[in-house]
Amino acid sequence: MYQALYRKWRPQTFADVIGQQHVTDTLRAQLKSGRLSHAYLFTGTRGTGKTTCAKILARAVNCEHPVNGDPCNECAACRGILDGSVLDVTEIDAASNNGVDNIRDLRDETRYTPAQVKKRVFIIDEVHMLSIGAFNALLKTLEEPPEHVLFILATTELHKVPATILSRCQRFDFRRIGAEDIARRLLQVADGEGIQLTEGAARLIARLADGAMRDALSMLDRAAAAGAVDEQTVTAALGVLGQDDGVRLAEALKAGDLAAAVGLLDEYYSEGRDLAAVYDQLLGLIRDALLVKTSKTDVSALISPAYSVKTLQKLCDGLASSTLIAWSRVIGEALDRMRSAANRRVEAELCAVRLCSLGAEDYDTLGGRVEALEEKLKNGVPVQVVQGAAPARGTDAPPSPGDADAPPLPDDSDAPPWLEEEQAQAAPVPAAAPAAPAAAYKDWPLWPRLLEALAGKINIGAHTNLKLSARGVEEDGALVILCEDKMTAILAAKEPTLKVVREQAAALAGGPVKVKVREAGDEPARTKNSKVDELIGRAKAFDIQVKEL
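A brief structural summary. (Residues numbered from 1 in each chain as written. Predicted model: local features only at pLDDT ≥ 70, side-chain atom pairs only at ≥ 80, totals over all residues. Heavy atoms only, no water.)

1. Side note on the sheet that holds strand 4 (residues 149-155)
Thinking step 1. Sheet architecture is open: five strands sit in the order 2-3-4-1-5, paired in parallel fashion. For this open sheet the edge positions go to strand 2 (89-93) and strand 5 (170-174), each flanked by a neighbour on one side alone. Sheet twist, expressed as the average angle between the axes of neighbouring strands with direction ignored, equals 15°.
Thinking step 2. Summarising the sheet, strand 3 (residues 120-125) and strand 4 pair through five bridges and their orientation is parallel. Each residue of the ladder has a partner; that of valine 121, found in strand 4, is leucine 150.
Thinking step 3. Where helix 2 (residues 21-33) meets the sheet, it contacts strand 1 (39-44) and strand 5, and its direction lies at approximately 150° from that of strand 5.
Thinking step 4. Taken strand by strand, helix 6 (residues 132-143) contacts strand 1, strand 3 and strand 4, and its axis lies near 130° from that of strand 4. (Pairing = 2+ DSSP bridges. Helix = DSSP H or I, 4+ residues; strand = E, 2+ residues; numbered from the N terminus. Axes fitted to C-alpha atoms, helices over the stretch in contact; angles between N-to-C directions. Contact = heavy atoms within 4.5 Å.)

Have a look at this one:
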């Protein structure tokens, strides 16, 4: 009968346990010195070797010929424990034996001395599943068990174990196994089983296992059913993204190419992949990209072995860290909705829409938006700047009277009197002069120096927006900060930013400067009043000082 790989290749000695040397070295030292505790608590995530170490310890304390703290696995006691014929070593599943009566039966059994080996060993797996009453029934026996009894408790959820139990046990924390260690072990198992496993496939399985050796062996078992195992076999068998697939999707999102992104999602959906798992793997890629983008040291040992540093650096070009963080937030929210969505595919495609068109609300702060804009500018992404310009005149439209190429106006000197009267009645009333376009303003000469003087004296977001989205112009002797968007206008007009701008402008100009903030397109319309101009002209002719407001 075929036996699953994770059972067939379960470590038989402490030396075979992968990635838990801090635990195995301590246990072997205690076995060699004879300083064993009466109760142990093994805690850690699934598939890291808790139950395996418990079984090895159970054999080691009863082994007739131990070797450096390891069981020999050849004596009668070791063989009996391995094949389950020794009843003095009992493994209990607390998930299905979690009542008070179960623990009372166990407590009664501790009174009897072992019949075949040196110690009676009780391995209680998933101990956090015991009820409060069961824990209370176990307390006294766990604190002072008979000399011939050893308790080994194992749990994946330490926070559910009462403090009264924790204080009575010697605790060992099992760590997640490193991806390199898992990949190395997979290659050894594949070699022993005659499975053709590529190194790339082993690395991919190790990344997907998330630190659990048992999960990795189960994935290898599943992928090996088709024969030789490479990266394509793993992605097809497990329904996950390959290295190139994840990078392709990220590149499409980076370019804002929604059609390409949705096309890739459709391709993955047609191949039977879980779109939630696709986005979950994309989160892992974003995490690695953030490490490469923000770290000033070598992070090759911290990133997933499925991606190279060079690949991640290429992906990060043109992507700000704030954009990557915004991506992770959008994906996280989409994954929450996909758990209860009636149509997960539609929810996944809507997530792609948001990723391709991030809005202001997707960034943590204004500084994050500014950082994303600066990253685009630095990498040569074009940014449109709207400037005032004279409207284009169509080829068929008649030229205005002021045009140089306009035909001469007809001479009406010989027109009859009745025609002159009709023309006078039909003459339009002069309209108010339209607002001057932004291009008609005269630049304030000290504006570049003012921007330099404001560096470090005002909020960095306001300063960056002034540099990128505003210009300084003159208007009736005042400095007008002409902003291209509402956000820049709000930041510039906010105190104490405006106060600092006035102070620095006055310092540069050598005297007080009136400062106004205006959004492009909101220039006040000016009407020309001939009567007022005539009055002002006469006053000046008589040397009368007139103050214009």
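2. Focus: the environment of tryptophan 327
Thinking step 1. Along the chain, the position of tryptophan 327 falls in helix 16 (residues 321-338).
Thinking step 2. The sequence separation of tryptophan 327 and cysteine 356 amounts to 29 residues, and the corresponding C-alpha distance is 9.4 Å.
Thinking step 3. If we ignore the near neighbours within four places in the chain, the residues touching tryptophan 327 are Ala250, Leu253, Lys254, Ile286, Leu319, Leu355 and Leu358.
Thinking step 4. A polar atom in the side chain of tryptophan 327 sits 3.5 Å from the backbone oxygen of leucine 355. (Polar contact = N/O pair within 3.5 Å; in protein donor to acceptor, adjacent residues only side chain to side chain.)

3. Topic: the nonpolar core
Thinking step 1. If you look at the biggest cluster of nonpolar residues, it comprises 39 residues, and the most contacted ones within it are Leu249, Leu253, Tyr279, Leu282, Ile331 and Leu355.
Thinking step 2. Put simply, the parts of the chain that give this core at least two residues each are helix 12 (243-254), helix 13 (258-270), helix 14 (275-294), helix 15 (309-316), helix 16 and helix 17 (344-356).
Thinking step 3. Broken down by element, the residue count for this core peaks at ten residues, all from helix 14.
Thinking step 4. Apart from the residues lying within four places of it in its own chain, the contact partners of tyrosine 279 are Leu265, Ile331, Leu335, Met338, Ala348, Cys351, Ala352 and Leu355.
Thinking step 5. Tyr40, Ala60, Cys72 and Cys75 belong to the second-largest nonpolar core, a separate cluster that totals 29 residues. (Core = buried A, V, L, I, M, F, W, Y, C linked by side-chain atoms within 4.5 Å. Buried < 20%, exposed > 50% of the residue type's maximum accessible area, 1.4 Å probe, protein only.)

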